[in-house]
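Residues per chain are reported as follows:
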Amino acid sequence: MGEQDDVAFVRDRFRENAKYFDREPVLIAALGFRRLRRFVAAEAQGVTLEVAVGTGLNLPYYPRGIALTGIDLSPEMLSYAAARARQLGIPVNLLEGDAAALPFPDQSFDTVIETFSGCTFPDPVAAYREMRRVLRPGGQLLLAEHGRGDRSLVGRLLDRFAPGHYRSTACHLNRSPLDLVKAAGWQPQVLHRGAAGVLIALRATV
Ligand SMILES: C[S@@+](CC[C@H](N)C(=O)[O-])C[C@H]1O[C@@H](n2cnc3c(N)ncnc32)[C@H](O)[C@@H]1O
């Protein structure tokens, strides 16, 4: 599958699954996903970009007064995010676009945030490089991710389910977010690990 095919596949999966993602299943939230969203979003400052904003599940957790832009490949996911922003009364500039080719000038943001989406990026290293390009000197990258984790039993279990899960959701269960972020030139600080090492929160600065 070529890069463009992957992008089309991801867009297709999220068109189908937008309604499901918008509800964030109780089990997923209970595993610690919601707690990590709250944790990283609360750290946003100044002019902020959320990459792969999805249905806007992080919107309730941002501090008031930041200037927020959200970008995503999927128009269906963005339409849920727009509805959530309206309902919460949160001003946010929502755009359709690809994380691997962000439509912003260099050094335009004080904070770039991304949660639980690196698993779906067709080219995650390119996306993390783009996040670096658009951050201002002194700016921060904040990530909450899930991955293969650091326990071999859990990792092997995730390897087993990964291909089928990818076909239905476009999500790779067994990536290593830390390695991907480092491969893009970042030197991240681990803020949190949870759920047998599967969940991770990272901060990196430029
Ligand atoms: C699992 S959802 C997570 C959404 C949101 N970040 C959250 O935490 O709820 C993954 C999102 O990444 C988006 N996505 C995947 N690849 C992308 C890319 N290359 N550029 C922009 N968005 C992308 C999908 O459309 C989807 O909305």
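Residues numbered from 1 in each chain as written. Predicted model: local features only at pLDDT ≥ 70, side-chain atom pairs only at ≥ 80, totals over all residues. Heavy atoms only, no water.

### Some thoughts on the overall build of the protein
- Across its full length, the protein holds six helices and seven strands.
- Secondary structure elements of the protein occur, N-terminal to C-terminal, as α-α-β-β-α-β-β-α-β-α-α-β-β.
- Over its C-alpha trace the protein gives a radius of gyration of 16 Å, about what one expects of a compact globule, namely 17 Å for 206 residues.
- For the C-alpha atoms alone, the extent of the protein along its principal axes is close to 45 × 35 × 35 Å.
- Residues classed as buried in the protein amount to 51% of the 206 residues present.
- Restricting the contact set of the protein to residue pairs at least 6 apart, pairs at least 24 apart contribute 70%.
- Looking at the protein as shown, the accessible area adds up to about 9800 Å², and 53% of this sits on carbon and sulfur atoms.
- Computed over 25 positive and 22 negative side-chain charges, the separation of the two mean positions in the protein equals 7 Å. (Helix = DSSP H or I, 4+ residues; strand = E, 2+ residues; numbered from the N terminus. Rg over C-alpha atoms; globule rule 2.2 N^0.38 Å. Buried < 20%, exposed > 50% of the residue type's maximum accessible area, 1.4 Å probe, protein only. Contact = heavy atoms within 4.5 Å. Areas by Shrake-Rupley, 256 points an atom, 1.4 Å probe, with all protein chains shown as cover. Lys, Arg positive; Asp, Glu negative; His and termini not counted. Charge placed at Lys NZ, Arg CZ, Asp CG, Glu CD.)

### Quick word on the site of the ligand
- Within the structure, the ligand sits among 22 residues, and R37, A52, D72, A99 and T115 are positioned closest to it.
- Interatomic distance of 2.8 Å between a side-chain N/O atom of D98 and a nitrogen atom of the ligand.
- Measuring from a nitrogen atom of the ligand, one finds a backbone N or O atom of A99 at 2.8 Å.
- Notes on the ligand: free accessible area 590 Å², of which the protein chains cover 97%.
- With three residues, the top contributor of residues to the shell around the ligand is helix α1 (residues 3-22).
- Taken together, the residues that form the shell around the ligand break down as twelve nonpolar, six polar and four charged. (Near = heavy atom within 4 Å. Polar contact = N/O pair within 3.5 Å; in protein donor to acceptor, adjacent residues only side chain to side chain. Nonpolar A, V, L, I, M, F, W, Y, C, P; charged D, E, K, R; others polar.)

### Some points on the nonpolar core
- L49, V51, V112, Y128, M131, L141 and W186 are the most contacted members of the largest nonpolar core, which totals 26 residues.
- Elements supplying a minimum of two residues to this core: β1 (47-51), β4 (109-115), α4 (124-134), β5 (135-146), α6 (177-183) and β7 (199-205).
- Of the residues forming this core, the biggest block, five residues, is contributed by α4.
- Not counting chain neighbours up to four residues away, the residues in contact with L49 comprise T69, I71, L102, F104, F109, T111, V112, I113 and V134.
- One finds I90, F116, A144 and A201 within the second-largest nonpolar core, a separate group that totals 18 residues. (Core = buried A, V, L, I, M, F, W, Y, C linked by side-chain atoms within 4.5 Å.)

### A short note on the pattern of salt bridges
- Using the criterion set out here, one finds twelve salt bridges in the structure.
- In this structure, R84 and D22 form a salt bridge, with 2.7 Å as the shortest nitrogen-oxygen distance. With R84 in helix α3 (residues 75-88) and D22 in helix α1, this pair connects stretches of sequence that are 62 residues apart.
- The exposure class of D22 is buried, given its relative accessible area of 17%.
- Salt bridges linked by common partners bring D12, R13 and R15 together as one network. (Salt bridge = Lys/Arg side-chain N within 4 Å of Asp/Glu carboxyl O.)

### Thoughts on helix α5 (residues 152-169)
- With 18 residues, α5 should reach 26 Å at 1.5 Å per residue; the first-to-last C-alpha distance of 24 Å fits that figure.
- A bend of about 45° at A162 is the largest found in α5, and the proline P163 appears one to four places after it.
- Among the residues of α5, G155, L158, A162, Y166 and T169 are the ones counted as buried.
- Where α5 terminates, the next one or two residues include A170, which has phi positive at roughly 65°. (Expected span 1.5 Å × (residues − 1). Bend = angle between axes of the 7 residues up to and from the residue.)

### Some thoughts on the layout of surface pockets
- Taken as a whole, the largest pocket holds about 890 Å³ of empty space.
- In terms of lining, the largest pocket is formed by 47 residues, of which the most central are F21, F116, C119, H146 and C171.
- It is α1 that provides the largest number of residues to the lining of the largest pocket, a total of five residues.
- Class assignment of the residues belonging to the lining of the largest pocket gives a composition of 28 nonpolar, twelve polar and seven charged. (1 Å grid on protein atoms, 1.4 Å probe; cavity = no way out; pocket = protein on both sides within 12 Å on 5 of 7 lines; lining within 4 Å. Points joined across faces, edges and corners; volume = space filled by probe spheres on them.)

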